[in-house]
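What follows is each chain in one-letter form.
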Amino acid sequence: MADIGKSSFVVVANRLPVDRVVSIDGSATWRRSPGGLVTALAPVMRSVEGAWVGWTGSPDDAPDPFSTDDMDLVAVPLSAQEVGEYYEGFSNATLWPLYHDVIVAPEYHREWWDAYRRVNDRFAHAVAGVAAEEAVVFVQDYQLQLVPAILRRLRPDLKIGFFLHIPFPPTELFAQLPWRRQILEGLLGADLVGFQREGAAENFASLAERYTDATAESRQVRTADGRTVHVQSFPISIDVSEITDLVSDPDVLARSDHIREEVGAPKHMLLGVDRLDYTKGIGHRLKAFGELLAAGDLTPDEAVMVQVATPSRERVEAYQTLRDDIELQVGRMNGEYGTIGQPAVHYLHSSYERVELVSLLRAADVMVVTPLRDGMNLVAKEYVAARTDLGGALVLSEFAGAADELGDGAFLVNPHDIDGLKRTLLAAMRLDAAEATQRMKLLRERVLSNDITRWAESFLTSLRAA
Ligand code: ADQ
C-alpha cells in the first residue's frame, strides 16, 4: 500500500482515470485511461501532489490507495447492486435522459435514489478523508451532484468546485424530478458551479431560486445560510497538442490515405464518431444519408458514410434497443444501396486507439455531428484539431454545446429537420475549396484558442477566487 498523505488538491469523479491491465501471468497494473480531463489536470496534480477519488469500474473492487503518474488514487467501492441502482439506474436511466431533453423517458425509482444518496455520501466521506486543511476539491459531473453539500457539512474549510459535463435542463423538464430540491441543494454546497453553456447556468440559477430557499442575482446565488455560490459557464475543450502531434506523424497520414482506399476511394467520405447513445442523433443522420441515396442525389460510389458507434452502457435497456434499431437501419441501407464490396454505410461497433481514431478523422471530408442534445461534443473539436491541412467540413447540430463556439465555421443543422439535414450534407459535400479553407480557419482559431488546459486553468482560477 502506498503511503498517501493529505492532498491540497482533490479531484472526485465517478471513475478513476486509470484502467486495470492484467498481464498473461495474471499480475495487474494500472494504465492511465485516455481522456482530456486527466491530461488537463495532470500538471496541477503533479505540482501539488493531488489525489483523485473515484470508482475502479469493477463491482466490489476496493484496492488500497495507490499512486501512479504522480497522482494519489483513492478507490471508492461499489457493490454490484449499487452499480445497477446508482450508476446504471439513477445516473444513466433517470438523470441522463432527464437532462438530455427526455429523448427517452426517465425512470423514477425510489430505491435508485436511495442508492444514489448512499454512494454520493461514500464519495464525500472518501474526499473528506484525503483532503488537507483548506484544500481545493473539484467534483465532476451528474453522478455526484450531492457530493458538494455533504462535503461542506463534513469539511467547511474546503474550497469546493463542481462541473457538469452534460446539459442542465430548463424548469419544464427538471421539475419532473421527485428529488429536484435535494439535487439543487446538493450542488449549492459548492463555491463555484460550472456548466458547458450559458443557458445551463441560467437554468440552474433560476431553478435554485424557485425550488430552494436561495435567491439568485445574475450569476450569484445566495443560500439561506448566507453563502455565495458562483454560477458560470466554462465550455470544455480538448488536448489540441495531442492531436496535432498525431497528425504530424507520416504514418498517421499514410493510414488516413489507406482508410480512404479501403472504403472505396469515394469522392466524399462522411464520418460519424459517437458513443452508441440515443442523444447522438445517429439514426437521424443515417436516415438523411439514406434518403439522399434513395433519391439519387448521391450514389454509393460517390459518397460513403463511416459510422463508428462506441459500445456504451450495454446493460441499460434503452441502449440495447438503440443498438438493435441502428443495426437494423444500417443493414437495410446496405441491403438496398450497397453492392458487393461496396456498402453504403461502414458501421463499426468498437473502441479504437487514439491513433486510429485520429487517422479516421483526418480521412473524412465531412464530419457529421448531429446530437439531439449534447453538453459539448468533443469529437467536433477533435475533427477541427486534426485538420491542420485546412481541409474538410463540419456539419454540427445546433443542440451541441460546441455550436456556441463553432457556429461560424460549421454548417449548423437542426437534426430533427431531415430535409434540412439532407440539404446541409449536400452543401458541405459541394463546398468550394476556397470557402472550405476559410471555414476551417475560423473553426481552428476557435478550437486552438481554448484548449483543455485553458479550460482547467480558467475553472480553477475562478474557484480559487470564489
Ligand atoms: P461523451 O458523451 O462521451 O462526453 P464526447 O464529448 O463526444 O461525448 O466525447 C467522447 C470522447 O470519446 C471523444 O474524445 C472521442 O474521441 C472518444 N471516442 C468516441 N468514440 C471512440 C471510439 N470508438 N474509440 C475511442 N475513443 C472514442 C460527455 C458529454 C459531452 C462532453 C464530454 C466532455 O456527453 O457533451 O463534451 O462529456 O465534457
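Thresholds applied
- Residues numbered from 1 in each chain as written.
- Predicted model: local features only at pLDDT ≥ 70, side-chain atom pairs only at ≥ 80, totals over all residues.
- Heavy atoms only, no water.
- Near = heavy atom within 4 Å.
- Polar contact = N/O pair within 3.5 Å; in protein donor to acceptor, adjacent residues only side chain to side chain.
- Areas by Shrake-Rupley, 256 points an atom, 1.4 Å probe, with all protein chains shown as cover.
- Helix = DSSP H or I, 4+ residues; strand = E, 2+ residues; numbered from the N terminus.
- Nonpolar A, V, L, I, M, F, W, Y, C, P; charged D, E, K, R; others polar.
- Domains from an automatic or database assignment.
- Salt bridge = Lys/Arg side-chain N within 4 Å of Asp/Glu carboxyl O.
- Buried < 20%, exposed > 50% of the residue type's maximum accessible area, 1.4 Å probe, protein only.
- Contact = heavy atoms within 4.5 Å.
- Buried area = accessible area lost by both parts, 1.4 Å probe.
- Pairing = 2+ DSSP bridges.
- Axes fitted to C-alpha atoms, helices over the stretch in contact; angles between N-to-C directions.

A. Here's a closer look at the site of the ligand. What surrounds the ligand is a group of 21 residues, the closest being His 165, Thr 310, Tyr 352, Asp 374 and Glu 382. Ser 350 places a main-chain nitrogen or oxygen 2.8 Å from a nitrogen atom of the ligand. Asp 374 has a polar side-chain atom sitting 2.6 Å from an oxygen atom of the ligand. For the ligand, whose accessible area on its own is 730 Å², the fraction buried by protein is 83%. Elements that contribute at least two residues to the shell around the ligand include exactly strand S13 (268-275), strand S14 (303-310), helix H12 (354-363) and helix H13 (378-386). Sorting elements by how many residues they give to the shell around the ligand places H13 first, with 3 residues. Class assignment of the residues belonging to the shell around the ligand gives a composition of 9 nonpolar, 7 polar and 5 charged. Each of domain 1 (7-236 + 453-465) and domain 2 (240-449) accounts for three or more of the residues forming the shell around the ligand.

B. Structural context of the pattern of salt bridges. Evaluation of the coordinates by the stated rule reveals 33 salt bridges. For Asp 19, the salt bridge goes to Arg 15, with nearest N and O atoms at 3.1 Å. Looking at Asp 19, the relative accessible area reads 26%, which means it is partly exposed. Taking the relative accessible area as the measure of exposure, Arg 15 reaches 31% and is therefore partly exposed. Here Arg 275 ties to Asp 277 by a salt bridge, and the two come within 3.0 Å at their closest N and O atoms.

C. Representation of the environment of Val 263 within the structure. Mapped onto the fold, Val 263 is located in the loop between helix H9 (250-262) and S13. Val 263 sits in the buried class, given a relative accessible area of 8%. Once the C-alpha coordinates of Val 263 and Ile 236 are considered, the two residues, 27 residues apart in sequence, prove to be 33 Å apart. If we skip the residues at most four places from it in the chain, Val 263 touches Met 269, Val 304, Val 306, Gln 342 and His 346.

D. Representation of the domain arrangement of the protein within the structure. Considered domain by domain, the protein is made up of domain 1 (7-236 + 453-465) and domain 2 (240-449). On a C-alpha basis, the centroid separation for the pair domain 1 and domain 2 is 30 Å. Tallying the contact residues gives 20 residues for domain 1 and 25 residues for domain 2. Both sides together, the interface formed by domain 1 and domain 2 hides about 1,700 Å², and carbon and sulfur atoms give 55% of it. By the criterion of area lost to domain 2, the three top residues of domain 1 are Trp 96, Ile 103 and Arg 197, representing 35% of everything that side buries. Linking domain 1 with domain 2 are 3 salt bridges, by the criterion used here. Between Glu 88 and Arg 315 there is a salt bridge, with the nearest N and O atoms lying 2.6 Å from each other. Scanning the region where domain 1 abuts domain 2 turns up 9 residue pairs in polar contact (both at pLDDT 80 or more).

E. Main features of the sheet that holds strand S12 (residues 228-233). The strand order across the open sheet built from 10 strands is S5-S6-S4-S1-S7-S8-S9-S12-S11-S10, with neighbouring strands paired in mixed fashion. Looking at the sheet topology across the chains shown, the edges are occupied by strand S5 (66-68) and strand S10 (215-217). Adjacent strand axes in the sheet meet at a mean angle of 25°, parallel and antiparallel pairs treated alike. The sheet contact formed by strand S4 (residues 51-55) and strand S6 (residues 71-75) spans 4 bridges and is parallel. Across the sheet, residue Val 53 finds its bridge partner in S6, namely Val 74. Against the sheet, helix H1 (residues 36-48) contacts strand S1 (7-15), S4, S6 and strand S7 (131-140), and its axis sits at roughly 155° relative to S1.

F. Inspection of the side chain of Glu 405 at higher detail. Tracing the backbone through its elements, the reader meets Glu 405 in helix H14 (residues 403-406). One polar contact links Glu 405 to Lys 381, side chain to side chain, over a distance of 2.8 Å. Setting aside residues up to four positions removed in sequence, Glu 405 forms contacts with Pro 235, Met 376, Lys 381, Arg 446 and Asn 450.

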